[in-house]
Amino acid sequence: MGQPVREYLLTLCVTVAVTYLLTGPVRRFAIAAGAMPEIRARDVHREPTPRLGGIAMFGGLCAGLLVADHLPNLNGVFELSNEPRALLSGAALIWLIGVLDDKFEIDALIKLGAQMIAAGVMVMQGLTVLWIPVPWIGTVALTQWQGNLLTVALVVVTINAVNFVDGLDGLAAGMVCIASAAFFLYAYRIWFGYGIEAAAPATLFAAILMGMCLGFLPHNMHPARIFMGDSGSMLIGLVLAAGAISITGQVDPDTMALFAGGERNATHAMLPVFIPLLLPLTIIAIPMADLVLAIVRRTWKGQSPFAADRGHLHHRLLELGHSHSRAVLIMYFWSGLIAFGAVAYSVHSASMWIVLAIAALSAVGLVLLLLPRFRPRTPRWAEFLVPPRYRHAERAAEAAAQDASGREPESGRRVAVGVSGVNGATAVGPRSRFPDRRKAETTR
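What comes next is a walk through the structure. (Residues numbered from 1 in each chain as written. Predicted model: local features only at pLDDT ≥ 70, side-chain atom pairs only at ≥ 80, totals over all residues. Heavy atoms only, no water.)

1. Points about the overall build of the protein chain
Right, on to step 1. Secondary structure summary: the protein chain contains 18 helices and two strands in total.
Right, on to step 2. Counting the 444 residues in the protein chain, one finds 51% classified as buried.
Right, on to step 3. The contacts in the protein chain between residues at least 6 apart in sequence include a share of 75% that link residues at least 24 apart.
Right, on to step 4. Here the protein chain has roughly 20400 Å² of accessible surface; of this, 66% comes from carbon and sulfur atoms. (Helix = DSSP H or I, 4+ residues; strand = E, 2+ residues; numbered from the N terminus. Buried < 20%, exposed > 50% of the residue type's maximum accessible area, 1.4 Å probe, protein only. Contact = heavy atoms within 4.5 Å. Areas by Shrake-Rupley, 256 points an atom, 1.4 Å probe, with all protein chains shown as cover.)

In structure tokens:
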């Protein structure tokens, strides 16, 4: 067990280092190339920021695959399977389209067609869904056309789900990193714990994807110095989809039946990854929910599903009064809870403690989510223990006036204190980050 872990760790570190070191030069190249689009109405940032961060992430992907190909244990993935080459081919194509879009703003339908072509390239090289393990039923074999069409659909949906959630500094990279970490634990357990070699490619993809995101995050955290752009968001979405398809449609549940005591039990043991049977939606539940809500919202308004707006989940967190950083952390929390909760349930599905822990953490997450809607009320006897923003308005105004003038304010005179300008992280009242969403919407 130790040797494969060390090799995965080495692959992860190389991917992180290459991505991190390339991001700086890529940023300077993006500025020189003019890949700094004007700020749009739906954007949250207030200064032009270079894109093309996907170039560095693609370099990290190539470095990770190259290192893994020369390691004793991971080399077998390349000898026994064509999936790494299929991933690299599809990733190169989608990355190239993303680079062109970051510079020239390609039409949405053209990008959709490119996503389908990239998925088709992977299908042609063997990365496709062969069967679907259905809980409580067993294995459902797919014809070649059914598997190919399902694979293309899953790749396109996952790419766009990740692309839709890429709206705040560090959000998409962090959420995908959390998802890939949980997915790595699950895939490694199937490969090394059960000895199923078919799960090795998915384990490698998850490790490399973690490295790509971790290497890019230091440059992308708020305030971001560079954006990944579509060249990065579509790339990590494709890598995530490739790992999901590899382990969902390539690992034979009949093999797991030898370890789980029957085919139905084997399928039940893999339940968290196969809900809802096609894609590990538990791993990308937040981006997928954002994608579905965006499509419903836009079509309800008579708009195109590809028409950008400011109604995404992260935009709504800002409108609730959360700061930029806290909105990102809340999204991280929910992604980690869903992803690692699903992995924990797959290991001990009969444990009630796991269900109770997930329910308790969900309650904590809801409190944090709605925290800006609550006005803190500190007892008067404890006001000196908390910052002025958490004290009663009258006492806070008196304290502020006393500090400013060096004397007590006149009796009966009260100073109004407004909270509309308070930063979202410390707001004590409801505040809208975007006063009029209708004015902020755009069809670009």
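Structure's up, so let's keep going.
2. Looking at the packing of aromatic side chains
Right, on to step 1. Counting across every chain of the model gives seven aromatic pairs.
Right, on to step 2. Ring geometry for Tyr-8 and Tyr-188: centres 6.0 Å apart, planes at 80 degrees, overall edge-to-face. Remark: Tyr-188 occurs in helix H7 (residues 171-194) and Tyr-8 occurs in helix H1 (residues 2-33); sequence separation between them is 180 residues.
Right, on to step 3. Residue Tyr-8 is classed as buried on the basis of its relative accessible area, which comes to 2%.
Right, on to step 4. Look at Phe-333 and Trp-334: their rings are 5.9 Å apart centre to centre, the planes differ by 85 degrees, and that puts the pair in the edge-to-face class.
Right, on to step 5. Since its relative accessible area comes to 26%, Phe-333 is described here as partly exposed. (Phe/Tyr/Trp six-rings, centres within 6.5 Å; stacked < 30°, edge-to-face > 60°.)

3. Structural notes on unusual backbone geometry
Right, on to step 1. For the bond running from His-222 to Pro-223, omega is -5 degrees, close enough to zero to count as cis.
Right, on to step 2. With respect to the helices, strands and loops of the structure, Pro-223 is situated in the loop between helix H8 (200-220) and helix H9 (229-249).
Right, on to step 3. Here the phi dihedral of Leu-52 falls at roughly 65 degrees; this positive angle occurs in a residue that is not glycine.
Right, on to step 4. Summarising the element assignment, Leu-52 is placed in the loop between H1 and helix H2 (54-69).
Right, on to step 5. A positive phi angle, close to 60 degrees, is found at Glu-105, a residue other than glycine.
Right, on to step 6. If you trace the backbone, Glu-105 turns up in the loop between helix H4 (83-104) and helix H5 (108-124).
Right, on to step 7. Judged by its relative accessible area of 39%, Glu-105 falls in the partly exposed class.

4. Focus on the side chain of Gln-115
Right, on to step 1. One can find Gln-115 in helix H5.
Right, on to step 2. Residues in contact with Gln-115, not counting those within four places in the same chain, are Ile-94, Val-156, Ile-159, Asn-160 and Met-234.

5. Things to note about the pattern of salt bridges
Right, on to step 1. The tally for this structure, following the rule as stated, stands at three salt bridges.
Right, on to step 2. With a shortest N-O distance of 3.5 Å, Lys-111 and Asp-101 are connected by a salt bridge. Note that Lys-111 is positioned in helix H5 and Asp-101 in helix H4, a separation of 10 residues in sequence. Assigned by exposure class, Lys-111 and Asp-101 land together as buried.
Right, on to step 3. With a closest N to O distance of 2.6 Å, Asp-230 and Lys-111 form a salt bridge. Here Asp-230, found in helix H9, pairs with Lys-111, found in helix H5; they are 119 residues apart in sequence, far enough to count as distant.
Right, on to step 4. According to the relative accessible area criterion, Asp-230 is buried, its value standing at 11%. (Salt bridge = Lys/Arg side-chain N within 4 Å of Asp/Glu carboxyl O.)

6. Structural notes on the environment of Leu-185
Right, on to step 1. Considering the arrangement of structural elements, one finds Leu-185 in helix H7.
Right, on to step 2. Accessibility expressed as a relative area gives 44% for Leu-185, which makes it partly exposed.
Right, on to step 3. In this structure the C-alpha to C-alpha distance between Leu-185 and Ala-207, which are 22 residues apart in sequence, comes to 9.6 Å.
Right, on to step 4. If near-sequence neighbours (up to four positions away) are discounted, Leu-185 is found in contact with Phe-340 and Val-343.

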